[in-house]
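In case you want the letters, here they are:
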Amino acid sequence: LIPPRGIGPVEEPNPNDVLSGRGGRINAHSGNVQFREIVQRVKPRYLSKSTKKLEKAHIAHEIVAEIRGMNPSGRFLKEDPETGLWWDIGDEKARKKAGQALREDAPDFRADGGGTGAGAGAGEGAGG
């Protein structure tokens with residue numbers, strides 16, 4: 001388990017690093033593009049009605065493990081505004097970041113039939 005600031009300082013993020021923050025520079029970073037592609041790939045499984053909460057946590061962990069297992073190893077970095085150096089946010093925050101990305105646009109995703117069937121469960125039985 002990598003703790004917050006367990007990796008760093010990093011002067012120059014590598015192509016597999018996922019950068020935290022906002023804006024075009026971060027969104028366009030190759031590691032962030034790759035991260036979003038991985039998220040899109042596993043999203044149908046994550047948002048499936050049959051996927052249990054524990055399994056969802058496992059899917060978020062899989063994304064982090066996939067990024068960290070790349071060559072060069074992908075890190076989840078946040079810039080220190082004081083120094084301009086990057087530090088790893090740690091595995092726990094990285095998993096939270098993955099989970100948030102997986103839930104992004106979830107209602108639209110389900111309504112578009114991105115789940116198990118065309119429009120599966122859009123609005124019906126929403127009591128859970």
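Numbers given to residues run from 1 along each chain, matching the order in which its sequence is written. The predicted origin of the model limits local features to residues at a pLDDT of at least 70 and limits the giving and counting of side-chain atom pairs to 80 or more, whereas totals for whole chains, interfaces and linings rest on all residues. As a rule here, side-chain values cover all heavy atoms of the structure and leave hydrogens and water aside.

Chemist: Looking at this model, I keep getting lost on the pattern of salt bridges. Mind explaining?
Modeler: Pairs may arise between side chains of opposite charge once their charged atoms sit close together. Salt bridges are counted wherever a side-chain nitrogen of Lys or Arg sits within 4 Å of a carboxyl oxygen of Asp or Glu. If you walk through the whole model with that rule in mind, you get 7 salt bridges. In this structure, R25 engages E79 in a salt bridge whose closest nitrogen and oxygen atoms are separated by 3.0 Å. Here R25, found in helix α1 (residues 24-28), pairs with E79, found in strand β2 (residues 76-79); they are 54 residues apart in sequence, far enough to count as distant. A 1.4 Å probe rolled over the protein chains alone gives each residue an accessible area, and that area as a share of the maximum for its type sets the label: buried under 20%, exposed over 50%, partly exposed in between. Overall, R25 belongs to the exposed group, its relative accessible area being 58%. Taking the relative accessible area as the measure of exposure, E79 reaches 31% and is therefore partly exposed. As a salt-bridge pair, R45 and E62 come within 2.7 Å of each other at their nearest N and O atoms. Of this pair, R45 sits in helix α2 (residues 30-47) while E62 sits in helix α3 (residues 53-68), and the two are 17 residues apart along the sequence. Segments assigned H or I by DSSP are reported as helices when at least four residues long, segments assigned E as strands when at least two residues long, and all are numbered from the N terminus.

Chemist: Would you mind going over α2 with me for this structure?
Modeler: Given 3.6 residues per helical turn, the α-helix brings residues three or four places apart onto the same face. By this rule, a helix spans an expected 1.5 Å times one less than how many residues it contains. Taking 1.5 Å of rise per residue, the 18 residues of α2 would be expected to cover 26 Å, and the 25 Å separating its terminal C-alpha atoms lies within 8% of that figure. The term bend refers to the angle at a residue between two fitted axes, each drawn through seven residues, those ending there and those starting there. By the largest-angle criterion, R41 marks the main kink of α2, which is about 40°, and a proline, P44, follows within four residues. Residues G31, N32, F35, I38, V39, V42, K43, Y46 and L47 constitute the buried set of α2.

Chemist: Looking at this structure, I do not really get the side chain of R75. What am I missing?
Modeler: Here R75 is to be found in the loop between α3 and β2. Think of a polar contact as two N or O atoms within 3.5 Å of one another; within protein, one of them needs to be a possible hydrogen donor and the other a possible acceptor, and neighboring residues in sequence only count if both atoms come from side chains. Within polar-contact distance, the side chain of R75 engages the side chain of D17 at 2.7 Å. In this structure R75 touches I7, V10, E12, P13, N14, N16, D17, V18, I67, R68 and D88, once residues within four positions along its chain are discounted. In what follows, a contact means two residues having at least one pair of non-hydrogen atoms within 4.5 Å.

Chemist: So what exactly am I meant to see when it comes to the packing of aromatic side chains here?
Modeler: For any two aromatic rings, the description comes down to two numbers: the centre-to-centre distance and the angle of the planes. Classification of ring pairs rests on two measures: the distance between centres of Phe, Tyr or Trp rings, Trp counted by its six-membered ring, which must be within 6.5 Å, and the angle between planes, read as stacked under 30 degrees, edge-to-face over 60 and tilted in between. A complete count under the given rule lists 1 aromatic pair for this structure. Residues F35 and F76 carry aromatic rings whose centres are separated by 6.1 Å and whose planes lie at 85° to one another, so their mutual orientation is edge-to-face. Placement of F35 in helix α2 and of F76 in strand β2 is noted, with a sequence separation of 41 residues between them. Residue F35 shares its accessibility class with F76, and that shared class is buried. A cation over an aromatic ring shows up here: R5 above the ring of W87, its NZ or CZ 4.2 Å from the ring centre. Both a distance and an angle decide whether a charge sits over a ring: NZ of Lys or CZ of Arg must be within 6 Å of the ring centre and within 35 degrees of the ring normal.

Chemist: When you look at the nonpolar core in this model, what are you seeing that I'm missing?
Modeler: Side chains of nonpolar character tend, in soluble globular proteins, to be buried together. Buried Ala, Val, Leu, Ile, Met, Phe, Trp, Tyr and Cys residues form a nonpolar core when they are joined through side-chain atoms within 4.5 Å. Ranked by size, the top nonpolar core spans 20 residues in total, and within it F35, V39, I63, I67, F76 and L102 carry the most contacts. Those elements that provide at least two residues to this core are α2, α3 and α4 (91-103). It is α2 that provides the largest number of residues to this core, a total of 6 residues. If we ignore the near neighbours within four places in the chain, the residues touching F76 are V18, F35, V64, I67, R68, W87, D88, I89, A94 and K97. Ranked by size, the runner-up nonpolar core spans 5 residues in total, among them V10, L19, L77 and W86.

Chemist: What's the story with the sheet that holds strand β3 (residues 86-88) in this structure? I'm lost.
Modeler: Neighbouring strands of a sheet are bound in pairs by backbone hydrogen bonds; such pairs are parallel or else antiparallel. At least two bridges found by DSSP between two strands are what make those strands a pair. Taken in spatial order, the 3 strands make up an open sheet running β1-β2-β3, and their pairing is mixed. The open sheet has two edge strands, β1 (18-19) and β3, and neither has a second partner. Where β1 lies against β2, 2 bridges are found, and the strand directions are parallel. Bridging across to β2, L19 finds its partner in L77.

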